[in-house]
Amino acid sequence: MAVIADREGAYAPPVREENYLTWDHSIKSWLFTQDHKRIAILYLISITVFFLLGGIFAMLFRIELLTPAGDVFEADRYNKFFTLHGVIMIFFFLIPSVPATLGNFLVPIMVGARDLAFPKINLASWWVFNVAGVFALLVLVTGGVDTGWTFYSPLSTSYANTSVFLAVTAAFAAGFSSILTGINFIVTVHKMRAPGLTWFRLPLFIWANYATGVVIMLGTPVVAITLFLIAVERLWGVGIFDPALGGDSVLFQHMFWFYSHPAVYIMILPGFGVISEIIPCFSRNRIFGYPFIAFSTLSIAILGFFVWGHHMFVSGQSFYTGMVFSFLTMFIAAPTAVKIMNWTFTLHGGNVIMTTPMLYAIGFIGLFTIGGVTGLFLAAMGLDVPLHDTYFVVAHFHFTMVGGMAMAFFAGIHFWWPKMIGKMYPEFMGKFACIIIFTGFNLTFMPQFIVGWLGMPRRYHAYPEEWQVLNVMSTAGASILGFGFLACIACLIWSAFWGKPAKQNPWGAKGLEWEVCTSPPHPHNFTSIPVVTEEAYSYTGEEVLDID
Amino acid sequence: MLKYIFPEQASTFATRVDPMYYFLVIFSALVCVGIGGLIIYFAVRYRKIEGENRPSKALHSIALELTWTVIPGIGGIAIFAWGALLYNDFANAPEGALEIDVVGKQWMWKVQHANGMREVNDLHVPVGRPVKITMTSQDVLHDYYIPAFRVKHDVVPGKFTSIWFEATKTGEYHLFCAEYCGTEHSLMGGTVYVMEPEDYAQWLEGGPKTSPQESGQFLFEQRGCVTCHSGASGARGPNLMGVYGSTVTLGSGDEVVADEEYLRESIMQPALRVVDGFSPLMPSFSNQLTEEDVMDLVAYIKSLSAEEGAE
């Protein structure tokens, strides 16, 4: 969408040469801002804190797993560590990661709008998220929670004597913050696209966040109900899930996974959107099969609602129920393969430039492919029998969620960092951290596939001696991974203060945010309403990097 | 070295499931190497060269798109079918399988063999014979998992679930709880002993087979019941010798026949109907004993009266 025509008199451009970061420095102007860009930054700070917190818990239980005996921490403490790692990483990092930061920042700009449809709801989303965060911190100071992030009943309702209620409240509230973000994206994409910006000229990042918004809207209320019912059973002993009270514990699993399986697409779809922006930019090539990527995004969002039972092949659901879920799950292989192949073929015939975001994006494709094919193992009912609830599952979903989503998140953060902050990160350090993360990640989770196939169940405080070698490898990898994340975050924070100022379009990229907006953008994004006359990704191959 | 990569194969189901696993490992490796190789090849072959420019093409190919939609789709259905066939195998125990019952509770497995032989955590089974395990849980979700047999199933409170297997090799194998169940989850397991059929038969008979009375007697001593119900004169609790079936006078002056229900009530809610001449000192055991324990204790107390009658 390269050609921008001014429409005079749309609204008067502000006089001052200011950007959204500098026009007002007061604390109030940040905490009560209705500017989607500032809210994105606020969210970025919040989720970074939770990401580090979740990472600390991961390191603590990886230390325990260095030795086969449960000797470093008590069992209860270990159980709290992995529960808190899961709850924090899922509800407070992965789900909000791309939509709440990059999505908030970019959705209005990419559609050529001044802000999201409901700026106050957007601000409320961040506040609700932080209220949820306060509940999560209260869980920590009141002794933690030890049910696993899945909150399976009756353990969570009748047996656990930890802060289950607070943890459930935290997840419940965090869910509402994502609903608020989701509804904003849906309405904005429908109603606020710039003149000329038809659906099939939208950047694929918009398609991805739109689909995510739909999944959030349809799925999150169900988990809210489920978590509420846990509180009801726990506080007042109303028998819903606990058989001793007349409930059904398998019902809980159905309700939980009805949300929590679509939730993995809430986590990964925005990541797909990020990759779809970066690959064409640094291939200097049009994206391969635009409509196929767009529709595969929607089909994953829809199919995602019909496969929850593949978490329950050995939970006591009937054989035929399991067959239906296994069959439907296999169909997700097709749209996923479509995406991966289209990204790969976007490189074909292009002019490939290996910048840090591109390195992350390519790392994403590799790791996510491994995460995807190992999903086939688990979706096959008979093979899931030995693999279910072992480290194989742990490795599989970390390949999709960390190898996939976290890589995509960091790819996107590096890519749009010059736009968001107005500074260039040091390219060498960026690539260095990326390679460290990639190496550490594989060393952490590859051994877990093996140890899972050998039979090590997940959430184990102590394990048989013969699996120590693989666990030590995994902990060593986690240390490298942790170092990589810290190096990456330190490099970005350093550059925010001391980095070189970024030009308007340092990557030579296409898109309204690069071609029209300054770096960082004006508080109103655009000084006149942009008109879009071209398809997305109309790269010619002649674009040059504009970096000092 | 191999044992670090290949798990032991000790059941008929393991020999059926493993080919699928190793097939998919090879398939996955080929997919990953293929895609990775393609990306690296494209990234190098089409790298940006200063001063040169490959003009962008309008990229689109229905043929390619269909290829990588249809092939994974068909592959997915094939994998589904293979997996469902395997599961069918796993879900349906053959006729005449040896039946063993398992009760899971935080944090132990209580096993009872057909002839009443009990064991805790460990499991003894004969080689070469189908074994069907029927399971339930006394509290939270558990999962009975024997990696060397490749079988596992959740153990669900309030309902029966089952697994079956036919061990193919004698030896000792791990037994785990695979569904997170609280504090001692990782210690809720033991060893599966696969024995020659004659050894198993001998084990069933020769082992310390515990009848319910014997279990009750064990509990009676272990739980300290014997301290007060010692039978000595001046003890804090009534003498239980011959109490079963007798008529007891209560502190209120009422009389009650000491049947099973009264014995059970006196264990679970002892303060309700206290025998005349004794103080309501006894604590409730309602949260400390399982239903099985109570049954055993009642059986033991009943046996005391039988002994008395015989004398």
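This structure is a prediction, so every number in the text was calculated from the model and none was measured. (Residues numbered from 1 in each chain as written. Chains lettered and ligands numbered in written order. Predicted model: local features only at pLDDT ≥ 70, side-chain atom pairs only at ≥ 80, totals over all residues. Heavy atoms only, no water.)

Chemist: Describe the side chain of A:Ser495, listing the residues and the values that go with them.
Modeler: Counting through the fold element by element, A:Ser495 comes out in helix H17 (residues 468-498). Not counting residues within four places of it along the chain, the set of residues in contact with A:Ser495 comprises A:Trp417, A:Lys423, A:Met424, A:Tyr425 and A:Pro426. (Helix = DSSP H or I, 4+ residues; strand = E, 2+ residues; numbered from the N terminus. Contact = heavy atoms within 4.5 Å.)

Chemist: Tell me about the domain arrangement of chain B, and please be specific about residues and values.
Modeler: Residues and elements named next belong to chain B. With domains assigned, chain B is organised as domain 1 (1-40 + 64-209) and domain 2 (212-310). The straight-line distance from the C-alpha centre of domain 1 to that of domain 2 is 42 Å. For the domain 1 and domain 2 pair, buried surface summed over both sides reaches about 390 Å², with 29% attributable to carbon and sulfur atoms. Between the two partners, domain 1 and domain 2, sit zero salt bridges. Taken together, the links from domain 1 to domain 2 amount to zero residue pairs in polar contact (both at pLDDT 80 or more). Here the side of domain 1 that touches domain 2 is built from residues that sort into one nonpolar, one polar and four charged. (Domains from an automatic or database assignment. Buried area = accessible area lost by both parts, 1.4 Å probe. Salt bridge = Lys/Arg side-chain N within 4 Å of Asp/Glu carboxyl O. Polar contact = N/O pair within 3.5 Å; in protein donor to acceptor, adjacent residues only side chain to side chain. Nonpolar A, V, L, I, M, F, W, Y, C, P; charged D, E, K, R; others polar.)

Chemist: Tell me about the nonpolar core, and name the residues and values.
Modeler: Core analysis: the largest hydrophobic core is formed by 257 residues, its most contacted members being A:Phe91, B:Tyr144 and B:Phe149. Here this core gets 21 residues from one element, more than from any other, and that element is helix H15 (residues 391-421) of chain A. Judged by nonpolar contacts, the second largest core, of 22 residues, contains B:Phe220, B:Tyr262, B:Leu289 and B:Leu304. (Core = buried A, V, L, I, M, F, W, Y, C linked by side-chain atoms within 4.5 Å. Buried < 20%, exposed > 50% of the residue type's maximum accessible area, 1.4 Å probe, protein only.)

Chemist: I'd like a description of the confidence of the model for chain B, backed by residues and values.
Modeler: Per-residue pLDDT for chain B has a mean of 86; in total, 92% of the residues score no lower than 70. Prediction confidence for the complex, expressed as pTM and ipTM, is 0.86 and 0.90 respectively. (pLDDT = per-residue confidence, 0-100.)

Chemist: Give a description of a nonpolar patch on the surface that names residues and reports values.
Modeler: All names here are of chain A. A surface patch of nonpolar side chains, amounting to about 260 Å² of accessible area, comprises Ile-63, Leu-66, Val-72 and Val-472. Relative to the helices and strands, Leu-66 resides in the loop between helix H2 (36-64) and helix H3 (75-94). Since its relative accessible area comes to 32%, Leu-66 is described here as partly exposed. (Patch = residues over 30% accessible without salt bridge, like charges linked within 9 Å, V, L, I, M, F, W, Y side chains within 5 Å. Areas by Shrake-Rupley, 256 points an atom, 1.4 Å probe, with all protein chains shown as cover.)

Chemist: Account for the side chain of B:Glu179, with residues named and values stated.
Modeler: Tracing the chain through its elements places B:Glu179 in the loop between strand S9 (171-177) and strand S10 (190-195). Among buried Asp, Glu, Lys and Arg side chains, B:Glu179 stands out as unpaired, with A:Arg459 the closest opposite charge at 4.9 Å. For B:Glu179, the contacting residues outside a window of four places in its chain are A:Tyr152, A:His388, A:Asp389, B:Leu141, B:His142, B:Asp143, B:Asp154 and B:His185. (Lys, Arg positive; Asp, Glu negative; His and termini not counted.)

Chemist: Tell me about the environment of A:Gly511, residues and numbers included.
Modeler: Residues and elements named next belong to chain A. Residue position: Gly-511 is located in the loop between strand S2 (500-501) and helix H18 (512-515). The buried category is assigned to Gly-511, whose relative accessible area is 8%. Along the backbone, Gly-511 and Cys-281 are 230 residues apart, and their C-alpha atoms lie at a distance of 9.9 Å.

Chemist: Any details on the sheet that holds strand S5 (residues 130-137) of chain B? Residues and values, ideally.
Modeler: Residues and elements named next belong to chain B. In space, the five strands of this open sheet follow the order S3-S2-S1-S5-S8, with mixed pairing throughout. Edge strands, defined here as strands with exactly one partner in the open sheet, are strand S3 (118-120) and strand S8 (161-166). Neighbour to neighbour, the strand axes of the sheet diverge by 25° on average, direction disregarded. Strand direction decides the pairing type here: S5 and S8, joined by six bridges, are antiparallel. Looking across to S8, one finds that Val-131 is bridged to Phe-165. (Pairing = 2+ DSSP bridges. Axes fitted to C-alpha atoms, helices over the stretch in contact; angles between N-to-C directions.)

Chemist: Explain the packing of H15(A) against helix H16 (residues 427-454) of chain A to me, using residue names and the numbers behind them.
Modeler: Helix packing geometry: the angle between the two helix axes and the distance between the axes. Residue and element names in this part refer to chain A. Where H15 meets H16, the axes come as close as 8 Å, and the angle between the chain directions of the two elements is 170°. It follows from the interaxial angle that H15 and H16 lie roughly antiparallel. Like other packed secondary-structure pairs, H15 and H16 cross with a definite hand, here left-handed. Mapping the contact onto sequence places Tyr-391, Phe-392, Val-394, Ala-395, His-396, His-398, Phe-399, Val-402, Gly-403, Met-407 and His-414 in H15 and Gly-430, Ile-437, Phe-438, Phe-441, Asn-442, Phe-445, Met-446, Gln-448, Phe-449, Val-451, Gly-452 and Trp-453 in H16. (Parallel < 35°, antiparallel > 145°, perpendicular 65-115°, else oblique. Left-handed = near helix turned anticlockwise from the far one by under 90°.)

Chemist: Tell me about the sheet that holds strand S4 (residues 123-126) of chain B, residues and numbers included.
Modeler: All names here are of chain B. The strand order across the open sheet built from five strands is S4-S10-S9-S6-S7, with neighbouring strands paired in mixed fashion. Only two strands of the sheet have a single partner each, and these edge strands are S4 and strand S7 (151-155). With strand direction ignored, the average angle separating the axes of adjacent strands in the sheet is 20°.

Chemist: Outline the packing of aromatic side chains, supporting the account with residue identities and numerical values.
Modeler: For the structure shown, the criterion picks out 84 aromatic pairs over all chains. Seen from their ring centres, B:Tyr145 and B:Phe176 are 6.3 Å apart, and the 45° between their planes marks the pair as tilted. Of this pair, B:Tyr145 sits in strand S6 (residues 142-146) while B:Phe176 sits in strand S9; the two residues are 31 residues apart in sequence, bridging distant segments of the chain. Residue B:Tyr145 shares its accessibility class with B:Phe176, and that shared class is buried. One aromatic cluster in this structure is built from A:Phe377, A:Phe392, A:Phe399, A:Phe441, A:Phe445, A:Phe449, A:Trp453, B:Phe6, B:Tyr21 and B:Tyr22. Over the ring of A:Trp30 we find A:Arg38; its NZ or CZ atom is 4.1 Å from the centre of that ring. Above the plane of the ring of A:Trp453 lies B:Arg150, whose end atom (NZ or CZ) is 5.1 Å from the centre. (Phe/Tyr/Trp six-rings, centres within 6.5 Å; stacked < 30°, edge-to-face > 60°. Lys NZ or Arg CZ within 6 Å of the ring centre and 35° of its normal.)

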